[in-house]
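In case you want the letters, here they are:
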Amino acid sequence: MAERYDYIVIGGGSSGCVLANRLSADGKARVLLVEAGPDTPPYEVPASIYADGYLPDYFKDNRYWTKLTVTRDPVGNTGGRSLEEHRYEQARVMGGGSSVNGQVALRGIPSDYDRWEELGAKGWSYDDCLPYFRRLERDMDFDGPKHGRDGPVPLQRTFPDNWSGFALAFRDALAGQGLDYHDDCHDVAGTGCFPFPKNNVYGRRVSAAVAYLDQVTRRRANLRIMADTMLERIEFDGQRATGVTLARPDGTFEKFGAGEVILCAGALHTPAILMRHGIGPAAHLAEHGIPVLADRRGIGRNLQDHPLVGLGLHLRPEARMPGSMANAFLVYTRFSSGLDGCAPGDMKMSLSARFDQTPIGHQLGVLRVGPDQAHSTGFVELRSADPADEPFVAFNLLSDPRDMERMKLGVRFAIDLLHAPELAAVGQGAFAGAYTTWIRRLGQKDPLSKTVNAIGAKLLDLHPTLRKAMIGMAVRGYDINRMRDDDAELERFIRDTVLGNWHACGTVAMGGATDPAAGVDPDGRVIGVEGLRVADASVMPRIPCANINITTIMIAEKLSDAILGRG
């Protein structure tokens, strides 16, 4: 007879770590947490994860899903080009995205969550969600009714006293545009600029694995953690999920029974898992010979992200950030496009005081800009029924014309800022950025990359003409000055370089049971079957105006109460 658990959680990312902790807390329910990547126990967290700003151990197969690729082009609107797929930096390690991301701990604005409730996620208004934001956080800077002081995730901000010259100049330039500085972005729903709150304390990352799977939690007799373990299939008896079959590292398979199976595999893998088990759009399932268990047309649809493009500035030595500060995300700006039908504060610009931790990256300040709540949506579909095949992912960035118009407005605003007197005093050679294969390659920590970085950093500081040529070679040579007035050049740059912000969400959206586009009900139960829930970023009906990690943790906190009958 298969070993049985009350709850089997598939995926040890941010939400999975929360559920493993909360569901096992009373000592009564037996909980199994399954993670495809390696575990990171409290005293065995790799130094790179603890200390690096973001994307530690870049694209190594023990940290990332190295075969996962995505297309960002609007599908069906490629101008005669074949779709270009790029590898996608999706974490495959305990803690998930919280173990590799930039540790930005934004929660969005109240209207984000009020809109969720309007879309059918009853009980998910801002007032409903706020207690769970407070429950997860230990805010080390602020107190009061909007902040938590006792949660497992510590939050800190780097205030202007410790900002680089570049960041201070950026703040002053924004003030000249009517975007005032505020210490606490969670206390201001309107526009302005703010220090990023981060789940990074004294230079150390606090991932969901560190925060929720501490030693006390791991010692619970009713909690089992299986790392380096893949889901082979979910077992069903009719319409009810009854357990799972797991693939172990040695090639063997184990079967476990479950009262409930809870998917926390993320917005790209969770819908693929559901579709492989017959839960999804019937026509698409038929293409792959998969019998339909529940015809849910919304599964895999509604994929959302924050589209961004980057602009850079070569910083004078005195304006650079000291290497002792690992996390360079300093300033976050909300501003308004002013376009009809777009809410106030619909745009985002973030400042990184350096591009990355390489010697070249230390010399480059970066602005990233884009709509903070895009109208464009994409989709996830199966390539085959084989669980070893990664799904086809199309983000469809900027497929909605409103997003392109706002992006153009945002880029021109950023270009004007880079040419403002405040920023001209701290940098030289503003340029339009592109996250090219060449730049990705320089971020890796092999001997060749280190050598190129060391030499390149010295050359960049030598002479303006040499610097311009080197930067142009790295980022494809877009003309930043021409883009201010030439709409076609600006649009070419945006379409060529737009990226998502690794904030995939929405592919199994919450909604009412009678809503054909909904994948789960407001308690996370998959509509059309029993014994199966989703509790990750997939369930967001609409992307919030924020990096989504803290929202994902909040979702898991709130759904843990629903699962335990406390909601």
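Scroll up for the structure.
Residues numbered from 1 in each chain as written. Predicted model: local features only at pLDDT ≥ 70, side-chain atom pairs only at ≥ 80, totals over all residues. Heavy atoms only, no water.

> Where do I start with the packing of aromatic side chains in this structure?
Think of a pair of aromatic rings as described by two things: how far the centres are apart, and how the planes are tilted against each other in angle. One pass over the full model with this rule turns up 14 aromatic pairs. Here the aromatic residues Y113, W116, W124, Y126 and F133 are joined through ring pairs into a cluster of three or more. In this arrangement the basic side chain of R30 is found over the ring face of Y5, its NZ or CZ atom lying 4.4 Å from the centre. K558 extends its terminal NZ or CZ atom over the ring of W124, reaching a point 4.3 Å from the ring centre. (Phe/Tyr/Trp six-rings, centres within 6.5 Å; stacked < 30°, edge-to-face > 60°. Lys NZ or Arg CZ within 6 Å of the ring centre and 35° of its normal.)

> Help me understand the side chain of S352, please; the structure alone is not making it clear to me.
Considering the arrangement of structural elements, one finds S352 in strand β19 (residues 347–352). Apart from residues no more than four positions distant in its own chain, S352 is found in contact with F166, A328, F329, G365, V366 and R368. (Helix = DSSP H or I, 4+ residues; strand = E, 2+ residues; numbered from the N terminus. Contact = heavy atoms within 4.5 Å.)

> How do you make sense of the pattern of salt bridges when you look at a structure like this?
Here the idea is simple: oppositely charged side chains can pair when their charged atoms come close. Scanning the entire structure with this criterion turns up 35 salt bridges. A salt bridge links D416 to R484; its shortest N-O distance comes to 3.3 Å. Here R484 lies in the loop between α15 (480–483) and α16 (487–497) and D416 lies in helix α10 (residues 401–418), a separation of 68 residues in the sequence. The partly exposed category is assigned to D416, whose relative accessible area is 43%. Connected through shared salt-bridge partners, E405, K408, R412, D487, E491 and R495 make up one network. (Salt bridge = Lys/Arg side-chain N within 4 Å of Asp/Glu carboxyl O. Buried < 20%, exposed > 50% of the residue type's maximum accessible area, 1.4 Å probe, protein only.)

> Help me out: how do you make sense of the sheet that holds strand β6 (residues 153–157) in this one?
Two modes of strand pairing occur in sheets, parallel and antiparallel, and in both the strands are linked by backbone hydrogen bonds. Spatially, β5-β6-β8 is the arrangement adopted by the three strands of the open sheet, whose pairing is mixed. Taken across any chain shown, the strands that pair with only one partner, and hence form the sheet edges, are β5 (137–139) and β8 (197–198). Looking at chain direction, β5 and β6 are connected through three bridges and run parallel. By the bridge assignment, D139 is partnered in β6 with L155. (Pairing = 2+ DSSP bridges.)

> Help me out: how do you make sense of the sheet that holds strand β17 (residues 309–315) in this one?
Here six strands make up an open sheet; going across it, the order is β7-β18-β19-β20-β17-β23 and the pairing antiparallel. Of all strands in the sheet, those with a lone pairing partner are β7 (192–195) and β23 (427–432), marking the two edges. On average, each strand axis in the sheet is tilted by 20° relative to the strand beside it, whichever way the strands run. Running over the sheet, α10 touches β17, β18 (329–335), β19, β20 (364–371) and β23 and is turned about 150° from β20. (Axes fitted to C-alpha atoms, helices over the stretch in contact; angles between N-to-C directions.)

> So what exactly am I meant to see when it comes to the pairing of strand β14 (residues 253–263) here?
Bridge count for strand β1 (residues 3–10) against β14 is seven bridges, and the pairing is parallel. Residue pairing for β14: Y5 is matched across the bridge by A258. In this sheet, β14 lies alongside strand β13 (residues 240–247) in antiparallel orientation, the contact comprising five bridges. Looking across to β14, one finds that A247 is bridged to F253. Hairpin remark: β13 followed by β14, antiparallel, with five residues in the connecting loop; positive phi at G251, about 90°. Sheet analysis places β14 next to strand β24 (residues 532–534), joined by three bridges and oriented parallel. Along β24, the bridge assignment pairs L263 with V534.

> When you look at α10 in this model, what are you seeing that I'm missing?
Helical periodicity: at 3.6 residues per turn, an α-helix aligns residues three or four positions apart in one direction. Its 18 residues place the ends of α10 26 Å apart at the C-alpha level, agreeing with the 26 Å of an ideal helix rising 1.5 Å per residue. Turning to α10, its buried residues are D403, M404, R406, M407, K408, G410, V411, F413, A414, I415, L417 and L418. (Expected span 1.5 Å × (residues − 1).)

> What am I meant to see in the environment of Y54 here?
Inspection of the secondary structure puts Y54 in the loop between α2 (47–51) and β3 (69–70). Here the alpha-carbon distance between Y54 and S98, two residues 44 residues apart in the chain, equals 9.5 Å.

> How should the nonpolar core be read in this particular structure?
What tends to happen in soluble globular proteins is that the nonpolar side chains get buried as a cluster. Ranked by internal contacts, the top residues of the largest apolar core, which has 139 residues, are V411, L532 and M554. When near neighbours in sequence (up to four residues on either side) are disregarded, M554 contacts Y113, W116, W124, C129, Y132, F133 and L136. By size, the runner-up hydrophobic cluster in this structure holds nine residues, among which are L55, Y64, A91 and V100. (Core = buried A, V, L, I, M, F, W, Y, C linked by side-chain atoms within 4.5 Å.)

> What is the right way to read the side chain of R406 from this model?
One can find R406 in helix α10. The exposure class assigned to R406 is buried, which follows from its relative accessible area of 1%. In this structure the side chain of R406 is engaged in a polar contact, spanning 3.1 Å, whose partner is the backbone oxygen of Q373. Apart from residues no more than four positions distant in its own chain, R406 is found in contact with S337, L339, C342, D346, M347, P371, Q373, A374 and H375. (Polar contact = N/O pair within 3.5 Å; in protein donor to acceptor, adjacent residues only side chain to side chain.)

> Looking at this structure, I do not really get unusual backbone geometry. What am I missing?
With glycine set apart, most residues show a phi of negative sign, and most peptide bonds adopt trans. Although it is not a glycine, N302 adopts a positive phi angle of roughly 65°. By secondary structure assignment, the location of N302 is in the loop between β16 (294–295) and β17. The class of N302 is partly exposed, set by a relative accessible area of 23%.

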